[in-house]
Amino acid sequence: MGNSTEKQNLCGLDRKDFQTSINGKKTDLYILRNRKGYEVAITNYGGAICAIMVPDKDGNVANVIQGHDNIQDVINSPEPFLSTLIGRYGNRINKGKFMLGGKEYQLAINNGPNALHGGPKGFHARVWDARQMGPRTLALSRVSSYGEEGFTGECSINVEFTFSDDNELIIEYLATSNKKTIINLTHHAYFSLTGIANPTPTIDDLVCEINADFYLPIDDTCIPTGEILKVAGTPFDFRTPKPMGQDIDADNEQIKNGAGYDHCYVLNKQEQGELSFAAKITEPKSGRTMEVYTTEPGMQLYSDNWADGYKGQHGATFPRRSAVCFECQHFPDSPNRPYFPTVTLSPGQQYRQKTIYKFGVQ
């Protein structure tokens, strides 16, 4: 049976390899296929995207996202956030502490002295309820219980993935809470537009454009200093497209603090919450492109500074800086910075986000 499935799926992934049971909840692999025949493969464990199969300028199809080819490797990945959903709070919170409603909360510390990406058992390490709604759409939902990973409020989350006929991966988030809480959702997709390989090539030659005049500088633990600085005249200026590698090792304190790029951009917006252009990357050899659109105020640029060549699917390896992440989100450490856009969610309110990754060729 396995072989016929392999032939049907461009990604060569077998659902059986993703089926297990964790605390009574079943994991599986879901394939979204658009009318052009291209594919996105997602598992309901952590909402991990395992494959995005799109063509280059010559029509050669490759997987442009880093992932694993079986559920055990997803669960035990050396990179726990590899192409997963992130919550309840994406990015870092200083020392894991914040005040809400006059009460101090303490989250798990899992990144130096700080809390990162919702904690060690955040949304990336949970089995979501999955419902495939036709060939192109998958809905993942779960209830994040009161006190989960230290967060207050019982939070209901719904995330819908759609793979359009224009090769757009559209991710729509909806969340509500029964108590005032904080929330900052994102997807930590690791993109490799060359296609994953052994070894997956570096992102140095990727031409990158980011629609942001400002970014958030960080301290040496990657927490925002609170300043909002102009990108002009710094290695962080991608307003005009340039190769990712051009300034990635610049003699610059901010680059040193992030070990490369690991910074949140303040996206240029006409109005709060509008869906607008955030970034574009172009891979010169293959001609593959990806555009990012989001309703979020910020976008974390992460240049995969800590990978060490670990193994991914079908024998691919993922060396340092073989991927780039565009994590659309609110700003890091916002609960401790009242002048950053608010991340509080009150009963009766809805948290909403829409982010689009659009693949093309030029």
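In this text the structure is predicted, and so the values were computed from the model without any measurement.

Some words on the overall build of the protein
If you tally the helices and strands in the protein, you get 3 helices and 30 strands. Projected onto its principal axes, the C-alpha positions of the protein cover 60 × 50 × 35 Å. Here the protein, with 362 residues, has 58% of them falling under the buried criterion. Of all intrachain contacts in the protein linking residues separated by at least 6 positions in sequence, the fraction that spans at least 24 positions is 67%. Of the roughly 14400 Å² of accessible surface on the protein, a fraction of 48% belongs to carbon and sulfur atoms. Across the protein, the 36 positively charged side chains and the 42 negatively charged ones have centroids separated by 5 Å.

Comments concerning the sheet that holds strand β18 (residues 207-210)
The strand order across the open sheet formed by 9 strands is β12-β13-β14-β15-β30-β24-β23-β18-β21, and the pairing between neighbours is antiparallel. Edge positions in the sheet fall to β12 (129-132) and β21 (242-243), since each has one partner strand and no second.

Description of the side chain of N305
By secondary structure assignment, the location of N305 is in the loop between β25 (298-302) and β26 (310-311). For N305, a relative accessible area of 2% puts it in the buried group. Within the structure, the side chain of N305 is placed 3.1 Å from the backbone oxygen of Y261, a separation counted as a polar contact. A distance of 3.1 Å separates polar atoms of two side chains, one belonging to N305 and the other to R321. The contact partners of N305, leaving out residues within four places of it in the chain, are G258, A259, G260, Y261, D262, R320 and R321.

Points about the sheet that holds strand β6 (residues 61-63)
One open sheet accounts for 4 strands, arranged β3-β4-β5-β6; its pairing is antiparallel. Either end of the sheet is taken by a strand with one partner, and the two such strands are β3 (29-33) and β6. Strand-to-strand, the axes of this sheet are offset by a mean angle of 15°, without reference to chain direction. Taken together, the 5 bridges between β3 and strand β4 (residues 39-43) define a ladder with antiparallel strand orientation. Bridge pairing in β4 links L32 to V40.

Re the packing of aromatic side chains
All told, the structure shown has 12 aromatic pairs when counted by the stated rule. Considering the side-chain rings of Y190 and Y302, the 6.3 Å spacing of their centres and the 90° angle between planes classify their relative orientation as edge-to-face. Placement of the pair is Y190 in the loop between β17 (186-187) and β18 and Y302 in strand β25, with a sequence separation of 112 residues. Judged by centre distance (4.3 Å) and plane angle (10°), the ring pair of Y215 and F236 falls under stacked. Of this pair, Y215 sits in strand β19 (residues 214-216) while F236 sits in the loop between β20 (229-230) and β21, and the two are 21 residues apart along the sequence.

Points about the confidence of the model for the protein
Overall, the prediction assigns the protein a mean pLDDT of 97, with 98% of residues at 70 or greater. Per-element confidence in the protein ranges from a low mean pLDDT of 50 for helix α1 (residues 2-8) to a high of 99 for strand β24 (residues 288-294). The low-confidence segment residues 1-6 (pLDDT under 50) makes 5 contacts with residues lying over four places distant or belonging to another chain.

Description of the nonpolar core
Of all hydrophobic cores here, the largest spans 58 residues; its most connected members are I52, F161, I210, Y265, F326 and F359. Among the elements that take part in this core, strand β14 (residues 155-163) stands out by supplying 5 residues, more than any other. When sequence neighbours within four positions are dropped, the list of residues in contact with F359 reads I52, V54, V64, D166, N167, L169, F191, L193, T289 and M290. Within the second largest apolar cluster, 15 residues are counted, among which are C11, Y45, C50 and A125.

Looking at the environment of D69
Topologically, D69 is positioned in the loop between β6 and α2 (71-75). For D69 and D14, which are 55 residues apart along the polypeptide, the C-alpha to C-alpha distance reads 8.0 Å. In contact with D69, other than residues within four places in its own chain, are L13, D17, F18, Q313 and H314. Polar contacts involving the side chain of D69 include one to the side chain of N70, which spans 3.0 Å. Here the side chain of D69 touches H314 through a polar contact of 2.8 Å, landing on its backbone nitrogen.

Some words on unusual backbone geometry
Cis peptide bonds are those with omega within 30 degrees of zero, and the linkage from G87 to R88 qualifies with 5°. The topology assignment puts R88 in the loop between β7 (85-86) and β8 (92-93). P199 follows N198 through a cis peptide bond whose omega is -5°. Phi is positive for E149, close to 55°, though the residue is something other than glycine. Tracing the sequence through the fold places E149 in the loop between β13 (137-144) and β14. Its identity as a non-glycine residue notwithstanding, A259 has a phi of 55°, on the positive side. Within the fold, A259 resides in the loop between α3 (253-258) and β22 (262-266).

A look at the pattern of salt bridges
Opposite charge on two side chains permits them to pair, given that their charged atoms come into close proximity. Tallied over the full model, the rule gives 13 salt bridges. Residue R15 pairs with D28 through a salt bridge whose shortest N-O separation is 2.7 Å. Pair noted here: R15 is in the loop between α1 and β1 (20-22) and D28 is in the loop between β2 (25-27) and β3, with a separation of 13 residues, a long-range link. A salt bridge links E148 to R142; its shortest N-O distance comes to 2.9 Å.

The rules we used
Residues numbered from 1 in each chain as written. Predicted model: local features only at pLDDT ≥ 70, side-chain atom pairs only at ≥ 80, totals over all residues. Heavy atoms only, no water. Helix = DSSP H or I, 4+ residues; strand = E, 2+ residues; numbered from the N terminus. Buried < 20%, exposed > 50% of the residue type's maximum accessible area, 1.4 Å probe, protein only. Contact = heavy atoms within 4.5 Å. Areas by Shrake-Rupley, 256 points an atom, 1.4 Å probe, with all protein chains shown as cover. Lys, Arg positive; Asp, Glu negative; His and termini not counted. Charge placed at Lys NZ, Arg CZ, Asp CG, Glu CD. Pairing = 2+ DSSP bridges. Polar contact = N/O pair within 3.5 Å; in protein donor to acceptor, adjacent residues only side chain to side chain. Axes fitted to C-alpha atoms, helices over the stretch in contact; angles between N-to-C directions. Phe/Tyr/Trp six-rings, centres within 6.5 Å; stacked < 30°, edge-to-face > 60°. pLDDT = per-residue confidence, 0-100. Core = buried A, V, L, I, M, F, W, Y, C linked by side-chain atoms within 4.5 Å. Salt bridge = Lys/Arg side-chain N within 4 Å of Asp/Glu carboxyl O.

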